[in-house]
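Reading the structure
Spelled out from the first residue to the last, the chains are:
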Amino acid sequence: MTTGTSPDGTLPDSAHTTIRKTAFFKASRETVWAFLTEQDKLAQWFHRPEKDLADGEDYVLIRTDDAGAQSPIIWGRVISMEAPRKLVTSFIITPFGGAETTVTWVLEEAAGGTRLSLTHEGVAEAAGVETLRMLMSLDRGWDEHLETMRKAAALEAAIASGQEMAGA
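Description of the structure in this document.

Rules behind the numbers
Residues numbered from 1 in each chain as written. Predicted model: local features only at pLDDT ≥ 70, side-chain atom pairs only at ≥ 80, totals over all residues. Heavy atoms only, no water. Pairing = 2+ DSSP bridges. Helix = DSSP H or I, 4+ residues; strand = E, 2+ residues; numbered from the N terminus. Contact = heavy atoms within 4.5 Å. Axes fitted to C-alpha atoms, helices over the stretch in contact; angles between N-to-C directions. Phe/Tyr/Trp six-rings, centres within 6.5 Å; stacked < 30°, edge-to-face > 60°. Buried < 20%, exposed > 50% of the residue type's maximum accessible area, 1.4 Å probe, protein only. Salt bridge = Lys/Arg side-chain N within 4 Å of Asp/Glu carboxyl O. Core = buried A, V, L, I, M, F, W, Y, C linked by side-chain atoms within 4.5 Å. Polar contact = N/O pair within 3.5 Å; in protein donor to acceptor, adjacent residues only side chain to side chain.

Strands sit in the order E1-E7-E6-E5-E4-E3-E2 across an open sheet of seven strands; the sheet is antiparallel. Each edge of the open sheet is held by one strand with a lone partner, namely strand E1 (19-25) and strand E2 (48-49). Judged from the seven bridges that link them, E1 and strand E7 (residues 113-121) form a sheet pairing that is antiparallel. Its bridge partner being in E7, Ala23 is matched across the sheet by Leu116. Along the sheet, helix H1 (residues 29-37) contacts E1, strand E4 (70-82), strand E5 (86-91), strand E6 (101-110) and E7; its crossing angle with E6, the most-contacted strand, is approximately 160 degrees.

Here it is as structure tokens:
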């Protein structure tokens, strides 16, 4: 695969091609963790995996098109899991031609909720000459997916809180 170069012919600086996102959730770290690792919860905001994510295991996220046909859209392996604090996965998509990128999720308590930090590294090395296009697409996609997860996690937290109050 050809590696993308800067106008001066040098390789892009990975610090300038790493996607970093931070999102705050009105939910506990355990709830947000579940949305990162459990099959049914991942399907609510991202793509359905074949099974819950597990440390050291491969994963495949499935896309279902409008006609109901299913196909792999993202795959990789779980590099490490430290529930409910940190998840590191490899992340491969078809445009990367089999090259791996790495996504790291860090969850911290923040103001009665959770601060989630995402770091997506290795895009330049995986995307080659398509680096900028892929960075823009992934950047936009992560924004959309994180917003969808925020809404799903808040709804789950609100339901759980209501159940706790009803049982009190």
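Okay, the packing of aromatic side chains next. Inspection of the entire model under this criterion finds five aromatic pairs. Aromatic pair Phe46 and Trp142: ring centres 5.4 Å apart, planes at 20 degrees, arrangement stacked. Here Phe46 is found in the loop between helix H2 (39-45) and E2, whereas its partner Trp142 is found in helix H4 (residues 131-167), with 96 residues between them in sequence. Judged on exposure class, the residue Phe46 and its partner Trp142 are both buried. An angle of 85 degrees between the planes, with centres 5.5 Å apart, marks the rings of Trp105 and Trp142 as edge-to-face. Remark: Trp142 occurs in helix H4 and Trp105 occurs in strand E6; sequence separation between them is 37 residues.

Tallied over the full model, the rule gives eleven salt bridges. For Asp40, the salt bridge goes to Arg48, with nearest N and O atoms at 2.9 Å. For Glu82, the salt bridge is made with Arg85, and the minimal N-O distance between the two is 3.6 Å. Residue classification places Arg85 among the partly exposed positions, given a relative accessible area of 43%.

Turning to the pairing of E7, a few remarks are in order. Pairing analysis gives nine bridges linking E6 to E7, with the strands arranged antiparallel. Bridge pairing in E7 places Glu109 opposite Thr114. Taking the residues between adjacent antiparallel strands as the criterion, E6 and E7 are bridged by two residues, where Ala111 takes a positive phi near 50 degrees.

By secondary structure assignment, the location of Thr18 is in the segment before E1. Other than its neighbours up to four places away in sequence, Thr18 contacts Thr119, His120 and Glu121.

This brings us to the environment of Ser71. Within the secondary structure, Ser71 is located in strand E4. Sequence separation of Ser71 and Val60 is eleven residues, and the distance between their C-alpha atoms is 9.6 Å. The residues touching Ser71, leaving out its near neighbours within four places in the chain, are Leu61, Ile62 and Arg63.

Counting residues in each nonpolar core, the largest one holds 36 residues, and the members touching the most others are Phe91, Trp105, Leu116, Leu138 and Trp142. Apart from the residues within four sequence positions on either side, Trp142 is in contact with Ile19, Lys21, Phe46, Phe91, Val103, Trp105, Leu118 and His120.

So, about the side chain of Lys41. Residue position: Lys41 is located in helix H2. Non-local contacts of Lys41, meaning those with residues more than four positions away in its chain, are made with Ala34, Phe35 and Glu156.

Checked against the element boundaries, His145 lands in helix H4. Expressed as a C-alpha distance, the spacing of His145 and Gln44, which sit 101 residues apart in the sequence, is 9.6 Å. Those residues in contact with His145 that sit more than four places away from it in its chain are Trp45, Phe46 and His47. A distance of 3.1 Å separates a polar atom in the side chain of His145 from the backbone oxygen of Trp45.

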